[in-house]
There are 2 protein chains.
Amino acid sequence: MNAPFVKDLPMTQPSDKALVPFVSVDNMMRLVHHVGIEQMLRDLSDYIETDFKRWELFDKTPRVASHSDVGVIELMPTSDGEAYGFKYVNGHPKNTAEGLQTVTAFGLLADVYTGYPVLLTEMTILTALRTAATSAMVAKHLAPKGADTMAMIGNGAQSEFQSLAMKAICGVTTIRLYDQDPNATAKCARNLAGTGLTVIPCKTPEEAIQGAQILTTCTADKQYATILTDNMVGSGVHINAIGGDCPGKTELAPGILNRSDVFVEYPPQTRIEGEIQQMPKDFAVTEMWQVITGQTPGRTDDRQITLFDSVGFAIEDFSALRYIRDQIRGTDYFFELDMLADPDDPRDLFGMVQRAAPA
Amino acid sequence: MNAPFVKDLPMTQPSDKALVPFVSVDNMMRLVHHVGIEQMLRDLSDYIETDFKRWELFDKTPRVASHSDVGVIELMPTSDGEAYGFKYVNGHPKNTAEGLQTVTAFGLLADVYTGYPVLLTEMTILTALRTAATSAMVAKHLAPKGADTMAMIGNGAQSEFQSLAMKAICGVTTIRLYDQDPNATAKCARNLAGTGLTVIPCKTPEEAIQGAQILTTCTADKQYATILTDNMVGSGVHINAIGGDCPGKTELAPGILNRSDVFVEYPPQTRIEGEIQQMPKDFAVTEMWQVITGQTPGRTDDRQITLFDSVGFAIEDFSALRYIRDQIRGTDYFFELDMLADPDDPRDLFGMVQRAAPA
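Residues numbered from 1 in each chain as written. Chains lettered and ligands numbered in written order. Predicted model: local features only at pLDDT ≥ 70, side-chain atom pairs only at ≥ 80, totals over all residues. Heavy atoms only, no water.

### Remarks on the pattern of salt bridges
A side chain with one charge can pair with a side chain of the opposite charge if their charged atoms come near. As enumerated under the stated definition, the model contains 36 salt bridges over all chains in all. Here Lys140 of chain A ties to Glu49 of chain A by a salt bridge, and the two come within 2.9 Å at their closest N and O atoms. Here Lys140 of chain A, found in helix 3 (residues 124-142), pairs with Glu49 of chain A, found in helix 2 (residues 37-53); they are 91 residues apart in sequence, far enough to count as distant. The class for Lys140 of chain A is partly exposed, based on a relative accessible area of 41%. Across the pair Arg329 of chain B and Asp326 of chain B runs a salt bridge, and its minimum N-O distance is 3.1 Å. (Salt bridge = Lys/Arg side-chain N within 4 Å of Asp/Glu carboxyl O. Helix = DSSP H or I, 4+ residues; strand = E, 2+ residues; numbered from the N terminus. Buried < 20%, exposed > 50% of the residue type's maximum accessible area, 1.4 Å probe, protein only.)

Pasting the structure below:
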């Protein structure tokens with residue numbers, strides 16, 4: 001078995017066009033530390049907001065999902081006519097118990113004009129970052145003025161990213177944590193120590209919600225769960241509903257949806273995957289891009305309950321991929337993969353293979 | 001800029017589960033020479049035929065296409081419930097004139113049970129191989145008995161692979177070549193010298209067709225072309241129509257379709273992309289998998305014209321990916337990419353990132 005990253009010299013030398021920059025998990029972590037995580041969250045939020053402003057320009061489709069009993073594997077493509085991007089992502093809630101990630105991902109950016117890939121990257125870490133950046137960008141538009149406290153229900157892999165994004169982008173100062181597993185809460189609290197946030201572990205979801213203007217639900221269970229009951233949701237809050245993100249997976253009691261103004265990414269996908277899958281097909285929602293461009297109001301009243309029914313949309317991944325492509329320029333936070341066969345005469349693919357025969 | 005394949009030691013050591021085997025272009029060529037190209041074509045044809053026999057079991061969808069004025073980028077996913085595979089592929093006919101490949105590709109296989117990728121590989125060379133293997137597998141079932149001569153119209157990147165597959169799988173002995181560019185014909189003839197095939201360069205498509213029982217069209221132009229006119233197609237031939245493979249891209253005059261029995265891969269995709277896009281939506285076709293399982297007859301008459309309206313379907317890529325995964329076991333024809341973030345505690349993705357901070 002080869003050691004990673006060290007390889008005998010190849011038999012053939014690939015040309016420039018054959019090479020695709022690859023950002024490994026290790027490189028992504030180096031990049032995060034180089035930029036700083038809160039700065040990166042702010043940067044991603046800017047890139048995502050920029051692309052939400054150009055929403056109509058994008059080639060949009062619900063993600064292409066392959067479901068099994070234990071999870072889902074999805075491809076999430078989109079294009080702005082100049083670049084094409086997609087993410088591969090899985091969602092397997094049962095994975096945690098087997099020592100694996102519930103969600104892993106990788107992504108690719110390509111040049112529309114040539115069809116050639118220009119970036120391949122890990123996207124497990126990057127997805128956690130872009131999901132948190134999107135949540136915070138939306139909360140910036142929808143949360144009540146002066147919101148400074150967030151309830152974080154579900155303290156798994158996404159929770160610290162969500163917390164730091166809310167701090168960096170919305171000025172949140174206090175996080176109230178709850179998870180059905182106290183070890184998860186302890187992990188999250190430990191990780192957030194020293195970040196400047198006040199972190200309050202709570203013993204029940206009701207306790208976590210006390211005094212919070214932003215309620216984030218981020219649990220992982222492929223079922224119609226009720227993480228928040230109708231009772232628990234007071235007027236004026238902003239709900240950031242992250243965990244429900246595929247058919248058969250929801251977190252909120254339907255009564256909450258009836259009392260809220262619901263904001264979504266791409267309705268055709270959210271109607272299949274989001275909290276609103278519990279509602280009739282014509283249940284009224286507002287598209288977040290229209291709030292961001294100013295075409296449609298967001299929060300209009302202090303007492304209004306706003307709900308971001310987040311499922312994750314391809315444009316957010318596209319923004320993240322653009323950001324990574326821009327950030328790695330002139331750095332060594334990537335290495336190049338010999339991934340695209342590129343014969344000198346493009347019609348002579350066979351000849352290239354023939355000439356590679358061992359002497 | 002890093003030299004390909006040589007890298008400083010990473011800051012962090014990825015665990016096993018983080019690593020995804022990657023077959024580079026260089027590795028794929030080494031594998032082709034190790035197995036032998038004709039053997040590899042026969043092996044691929046067997047894997048593809050095996051999966052066509054299990055057709056009903058697969059999760060099938062038309063490929064997800066993103067079109068631009070100059071080409072298309074597609075994702076082609078499928079799953080047999082145990083493994084999930086997809087290919088990324090572009091088609092940009094104008095690329096040749098710019099020194100780039102019309103078609104480049106890469107592919108991925110993943111474990112359905114965990115959602116984790118288990119193989120990433122170049123698929124430009126592999127696509128040429130699997131397309132040729134599929135064409136020959138189909139011709140084995142449909143071409144007239146004793147077929148020994150193929151007309152190869154379009155002598156670009158696919159042509160030598162098609163020719164060798166027909167030799168290896170169908171016993172074809174003679175290839176008659178035509179291309180609108182005599183340099184392409186010369187290239188193909190040169191490459192096929194010494195393979196045991198009799199190769200006859202021709203000055204017109206009519207000359208190429210003389211005495212051929214199998215007619216392969218493999219041209220690249222995003223338009224409704226007429227590579228074969230109705231006049232050119234005599235009774236009893238098998239037409240292997242490779243080149244037309246997306247909306248607005250066809251090679252055969254409609255009259256030919258009316259006189260032929262048309263065999264397809266996955267009708268919903270072929271009706272959008274194949275020669276049959278020129279016909280009414282209810283134009284009768286036969287699904288090739290049903291011929292292979294013996295449910296439906298293929299060629300029933302010497303005078304019948306059979307037409308394989310090939311567009312390329314995800315199951316063929318899946319078969320090819322399975323084959324590569326099986327072939328690389330125990331070899332060094334791959335190296336491992338640190339692509340999947342894999343913290344020791346799956347809920348502690350953030351902690352893993354934190355611990356990677358430089359000292």
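### Section: the relation of the copies chain A and chain B
With an RMSD of 0.0 Å, the fit of chain A onto chain B corresponds to turning through 180° and sliding 0.0 Å along the axis. Each copy turns onto its partner about a two-fold axis. Of all interface residues in chain A, 100% are interface residues in chain B too; the two copies therefore contact each other through one and the same surface. (Least-squares fit on C-alpha atoms with pLDDT ≥ 70 in both. Contact = heavy atoms within 4.5 Å.)

### Comments concerning the domain arrangement of chain A
Residue and element names in this part refer to chain A. Taken domain by domain, chain A consists of domain 1 (6-125 + 315-355) and domain 2 (134-312). Look at where the C-alpha atoms of domain 1 and domain 2 centre, and you get two points 28 Å apart. Contacts between domain 1 and domain 2 engage 23 residues on the former and 30 residues on the latter. Summed over both partners, the interface of domain 1 with domain 2 buries about 2400 Å², with 64% contributed by carbon and sulfur atoms. Three residues stand out in domain 1 for area buried against domain 2, namely Phe52, Trp55 and Arg63, and they jointly supply 23% of the buried area on that side. (Domains from an automatic or database assignment. Buried area = accessible area lost by both parts, 1.4 Å probe.)

### Examining helix 5 (residues 182-192) of chain B
Residues of helix 5 of chain B that are buried include every one of Ala184, Thr185, Lys187, Cys188, Ala189, Asn191 and Leu192 of chain B, and no others. The inward-facing, buried residues of helix 5 of chain B abut helix 11 (349-355) of chain A together with helix 4 (159-170), strand 8 (174-178) and strand 9 (198-201) of chain B. Of the residues that open helix 5 of chain B, the one with a side-chain oxygen 2.8 Å from the backbone nitrogen of Asn183 of chain B is Asp181 of chain B. One or two positions beyond helix 5 of chain B, positive phi appears at Gly194 of chain B, with a value near 85°. (Polar contact = N/O pair within 3.5 Å; in protein donor to acceptor, adjacent residues only side chain to side chain.)

### Some words on the environment of Leu307 of chain A
Residue and element names in this part refer to chain A. Examined against the element boundaries, Leu307 turns out to sit in strand 16 (residues 306-309). Put simply, Leu307 and Ala139 are 168 residues apart on the chain and 9.4 Å apart in space, counted from C-alpha to C-alpha. Ignoring anything within four residues of it in the chain, the contact list for Leu307 reads His238, Ile239, Ala241, Leu252, Ile256, Leu257, Ser260, Asp261, Val262 and Phe263.

### Some words on the interface of chain A and chain B
The interface of chain A with chain B comprises 91 residues on the first partner and 93 residues on the second. Summed over both partners, the interface of chain A with chain B buries about 8700 Å², with 67% contributed by carbon and sulfur atoms. At the boundary of chain A and chain B, one finds two salt bridges. Here Asp181 of chain A and Arg347 of chain B are joined by a salt bridge, their closest N and O atoms 3.0 Å apart. Where chain A packs against chain B, one counts 35 residue pairs in polar contact (both at pLDDT 80 or more). Taken together, the residues that form the side of chain A that touches chain B break down as 51 nonpolar, 22 polar and 18 charged. (Nonpolar A, V, L, I, M, F, W, Y, C, P; charged D, E, K, R; others polar.)

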